[in-house]
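Secondary and tertiary structure notes
Take a look at the letters that make up each chain.
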Amino acid sequence: MKSKYILLFTTLCLFHSCKEKSTGFNISLNSEIELDTIYISELITRKPITKIYENKEIKNIPLDYPTVARIHTKKNDKIYLTILEQNKNLNISVLKDSTLTTNDKSDSLVNYLWKSNLKFIQENSSFIFTTQNTDSIPILFERFRVKRETEINKFKDQFSSKTLEVLDFQNDARIYSFLFFFGRISKGLKPNDNYFDFIEKIPKASKTLKSLPDIYLYKYEVEFLRKNKSLESITDFLRFIEKKTNSKDLADYLKANYIKSLIENPSYWEKHEKLFNTEVLTQTLNSEKTNIYYSLIEQPSSSFYASQNGEKAYLFKAEDKFGNQFNLESLIGKVIFIDTWATWCGPCLRHRPKVLELAEKFKNNNEVEILLVSVDSSKDKWLSFLDKENEEFGKNLFIKNGMRTEFGNNYNIKSIPRYILIGKDGKIINSNINEPSIAVEKEIENALIEK
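Everything numeric here is computed off the predicted structure, so don't read it as measured data. (Residues numbered from 1 in each chain as written. Predicted model: local features only at pLDDT ≥ 70, side-chain atom pairs only at ≥ 80, totals over all residues. Heavy atoms only, no water.)

1. A look at the nonpolar core
- Counting 55 residues, the largest nonpolar core has Phe141, Phe180 and Tyr258 as its most contacted members.
- Counting residues per element, the ones that place at least two in this core are helix 2 (105–123), helix 4 (136–153), helix 5 (161–186), helix 6 (214–228), helix 7 (234–244), helix 8 (248–264), helix 10 (278–287) and helix 11 (295–306).
- Ignoring any residue separated from it by four or fewer positions in sequence, one finds Phe180 in contact with Ile185, Phe196, Phe198, Ile199, Ile202, Ile215, Tyr218, Lys219 and Val222.
- The next biggest cluster of nonpolar side chains, apart from the first, holds 44 residues, and it includes Val368, Val373, Leu397 and Ile444. (Core = buried A, V, L, I, M, F, W, Y, C linked by side-chain atoms within 4.5 Å. Buried < 20%, exposed > 50% of the residue type's maximum accessible area, 1.4 Å probe, protein only. Helix = DSSP H or I, 4+ residues; strand = E, 2+ residues; numbered from the N terminus. Contact = heavy atoms within 4.5 Å.)

In structure tokens form, the structure reads like this:
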């Protein structure tokens with residue numbers, strides 16, 4: 001009798017596999033050039049998933065749910081998106097020109113969805129940004145969304161239902177993300193405007209939203225303001241997110257991303273920013289202590305506190321164009337104006353003449369220092385720019401990839417240009433200056449008077 005049970009068990013193993021079920025994915029790397037390491041991290045949170053070395057293979061890397069991730073170099077100068085799901089065999093290739101790619105058609109499609117958005121906007125920019133009929137913009141983008149959906153469906157038999165769900169969401173979310181930007185930021189349309197009626201087409205929230213969550217935050221903002229006319233507190237909006245999202249996990253994720261975005265991209269939250277300060281942030285952090293994704297808020301919050309007016313300025317180090325080391329500590333006792341910029345930043349270059357005018361005005365005042373801090377990734381590009389500019393006003397400094405350093409963290413620099421004014425006592429006077437102006441000159445002159 002016992003032998004019969006053994007035979008039955010063996011037969012079941014042949015059909016259903018007696019191995020422990022895989023809960024992760026496998027990865028291998030082949031490179032046509034010499035390299036150090038390739039990294040994989042979550043698309044939105046940038047949370048590290050794994051890293052792999054040349055011609056290596058790693059099996060069963062833990063994965064809780066399908067997600068879109070970034071395959072990238074350490075410097076983030078090469079990026080390729082991938083859809084990760086359980087049991088996927090991901091083969092990464094590094095080509096001779098350093099381009100990253102994979103062996104997976106779904107990855108090819110998710111990169112197509114990412115890059116075709118910008119291409120479509122550029123090709124239609126003359127119509128998009130000049131038409132007076134804003135209601136025609138959602139119609140234009142709906143046609144584009146359907147076109148991409150058709151492209152996805154050509155290969156749907158090759159994908160699991162979960163991968164197909166991610167692709168469909170990426171298609172929708174990237175379209176709606178631009179529509180929200182155009183309506184909320186570019187045109188400043190009111191929530192009740194018919195333009196925003198496309199929110200009814202946004203699919204019901206599911207775990208796929210973790211690959212591009214902001215469209216739900218913008219959707220909730222429109223719905224909140226259509227219902228309540230105005231926003232009275234940050235807490236009210238956080239509670240609205242909870243009410244609109246059935247899953248606590250997804251609600252926590254959206255709330256954490258909302259707070260993070262409010263700190264890092266305040267220009268996207270005009271109606272919210274005026275309600276936000278250090279006191280509100282402290283109250284919010286206390287109320288969100290049990291948030292599953294609290295870790296997403298911690299670093300931005302620290303940066304926010306450190307960069308507020310009245311706080312001690314972070315004593316950063318940099319180098320000048322001759323390679324000499326600079327330390328902000330050497331200037332304490334003076335009034336300091338910092339222009340954070342980069343050669344690739346259009347608004348920075350447009351404002352630069354005003355910064356140079358400001359530097360020229362105070363060039364003979366030993367109590368004032370104008371610092372022009374480049375956060376470029378390439379020192380050579382920075383030096384080349386300075387050679388062509390041929391201006392000597394102010395002190396030009398360089399911090400490589402400065403937005404991703406302690407300098408960027410402590411001054412909460414998530415976008416540039418960023419202008420900061422520091423008083424003689426080494427404390428921040430104003431960390432939220434829009435641009436160099438007569439008002440800034442007045443602030444500097446007032447700071448010189450103060451003891």
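2. Here we look at the state of the cysteines
- Within this structure, the stated rule accounts for 1 disulfide.
- The side chain of Cys345 participates in a disulfide bridge whose partner is Cys348; the two sulfur atoms lie 2.3 Å from each other. In this structure, the disulfide formed by Cys345 and Cys348 twists by about 80° around the S-S bond and is classed as right-handed. Summarising the burial analysis for this pair, Cys345 and Cys348 share the class buried. (Disulfide = S-S within 2.5 Å.)

3. Points about the pattern of salt bridges
- All chains considered together, the criterion is met by 25 salt bridges.
- Of the charged contacts in the structure, one is a salt bridge between Asp104 and Lys88, with a shortest N-O distance of 3.6 Å. Note that Asp104 is positioned in the loop between strand 8 (100–102) and helix 2 and Lys88 in the loop between strand 6 (79–84) and strand 7 (89–94), a separation of 16 residues in sequence.
- For Lys88, a relative accessible area of 8% gives the class buried. (Salt bridge = Lys/Arg side-chain N within 4 Å of Asp/Glu carboxyl O.)

4. Details of the packing of helix 4 against helix 5
- Viewed as axis vectors pointing N to C, helix 4 and helix 5 meet at an angle of 165°, and their least axial separation amounts to 10 Å. What the angle tells us is that helix 4 and helix 5 run roughly antiparallel. Here helix 4 and helix 5 pass one another in a crossing that is right-handed. Residues Ile137, Pro138, Phe141, Glu142, Phe144, Arg145, Arg148, Glu149 and Ile152 of helix 4 form the contact with helix 5, whose own contacting residues are Leu164, Leu167, Asp168, Gln170, Asn171, Asp172, Arg174, Ile175, Tyr176, Phe178, Leu179 and Phe182. (Axes fitted to C-alpha atoms, helices over the stretch in contact; angles between N-to-C directions. Parallel < 35°, antiparallel > 145°, perpendicular 65-115°, else oblique. Left-handed = near helix turned anticlockwise from the far one by under 90°.)

5. What about the sheet that holds strand 3 (residues 48–53)?
- Strand order in the open sheet made by the 4 strands is 3-2-5-6, with antiparallel pairing throughout. For this open sheet the edge positions go to strand 3 and strand 6, each flanked by a neighbour on one side alone. On average, each strand axis in the sheet is inclined to that of its neighbour by 25°, with strand direction left out of account.
- Summarising the sheet, strand 5 (residues 67–72) and strand 6 pair through 6 bridges and their orientation is antiparallel. From the neighbouring strand, Ala69 faces strand 6, where its bridge partner is Thr82.
- Across the sheet, helix 2 touches strand 5 and strand 6, and the angle it forms with strand 6 is around 125°.
- Along the sheet face, helix 5 touches strand 5 and strand 6 and points at about 135° away from the line of strand 6. (Pairing = 2+ DSSP bridges.)

6. Here's the deal with the packing of aromatic side chains
- Under the defined criterion, the tally for this structure stands at 36 aromatic pairs.
- Between the aromatic rings of Phe129 and Phe178, the centroid separation amounts to 6.4 Å while the plane-to-plane angle is 90°, which identifies the pairing as edge-to-face. Highlighted residues: Phe129 in the loop between helix 3 (125–128) and helix 4 and Phe178 in helix 5, separated in sequence by 49 residues.
- A residue is classified by how much of its surface remains accessible, and Phe178, at 9% relative accessible area, is buried.
- When the ring of Tyr176 is compared with that of Phe198, the centres are 5.7 Å apart and the planes differ by 10°; the resulting orientation is stacked. Placement of the pair is Tyr176 in helix 5 and Phe198 in the loop between helix 5 and helix 6, with a sequence separation of 22 residues. (Phe/Tyr/Trp six-rings, centres within 6.5 Å; stacked < 30°, edge-to-face > 60°.)

Such coordinate-based values are descriptive only and should not be taken to indicate function.
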